[in-house]
Amino acid sequence: MAVAHDVATRRQRRLDDRNLFLDLILSAREVLHLSYVGRSVRDGSELPPSVLVDELLGQQQVVVKNLESNYRKVAGISGATILGDGRVALILDIAQLIKRSRH
């Protein structure tokens, strides 16, 4: 009898979690951001998190320059480019920034 009770309790807990999740989605009136950090079903290794983007402003073709060859290695920056108007744009290494934020 105890086993049947445990199964019923787990099933009810799953239903409660699903209902809570659906209530959360329905309560979002204007914006809902979902992000997931999980593990691979193949080998259990950590999967990289998603990155939320509000808006894409445009696109440009650029030549990426490695900072190490001209300056030094900078954590969280994978390179840089010079924009058409002469400004320098840094290219972020999102995975490295997230990894650094966890430590």
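In this text the structure is predicted, and so the values were computed from the model without any measurement. (Residues numbered from 1 in each chain as written. Predicted model: local features only at pLDDT ≥ 70, side-chain atom pairs only at ≥ 80, totals over all residues. Heavy atoms only, no water.)

### What to know about the layout of surface pockets
Piece 1. Taken as a whole, the largest pocket spans an internal volume of roughly 150 Å³.
Piece 2. If you trace the largest pocket, you find it lined by Leu 57, Gly 58, Gln 59, Gln 60 and Val 62. (1 Å grid on protein atoms, 1.4 Å probe; cavity = no way out; pocket = protein on both sides within 12 Å on 5 of 7 lines; lining within 4 Å. Points joined across faces, edges and corners; volume = space filled by probe spheres on them.)

### A short note on the pattern of salt bridges
Piece 1. One pass over the full model with this rule turns up two salt bridges.
Piece 2. Ionic pairing is found between Lys 73 and Glu 68, a salt bridge with its closest N-O pair at 3.9 Å.
Piece 3. The exposure class assigned to Glu 68 is partly exposed, which follows from its relative accessible area of 45%.
Piece 4. Across the salt bridge formed by Asp 85 and Arg 87, the nearest N and O atoms sit 2.7 Å from each other.
Piece 5. Since its relative accessible area comes to 53%, Arg 87 is described here as exposed. (Salt bridge = Lys/Arg side-chain N within 4 Å of Asp/Glu carboxyl O. Buried < 20%, exposed > 50% of the residue type's maximum accessible area, 1.4 Å probe, protein only.)

### So, the environment of Gly 84
Piece 1. On the secondary structure map, Gly 84 appears in the loop between strand E1 (77–82) and strand E2 (88–92).
Piece 2. Note on Gly 84: relative accessible area 87%, which makes it exposed.
Piece 3. Placed 22 residues apart in sequence, Gly 84 and Val 62 show a C-alpha to C-alpha distance of 9.2 Å. (Helix = DSSP H or I, 4+ residues; strand = E, 2+ residues; numbered from the N terminus.)

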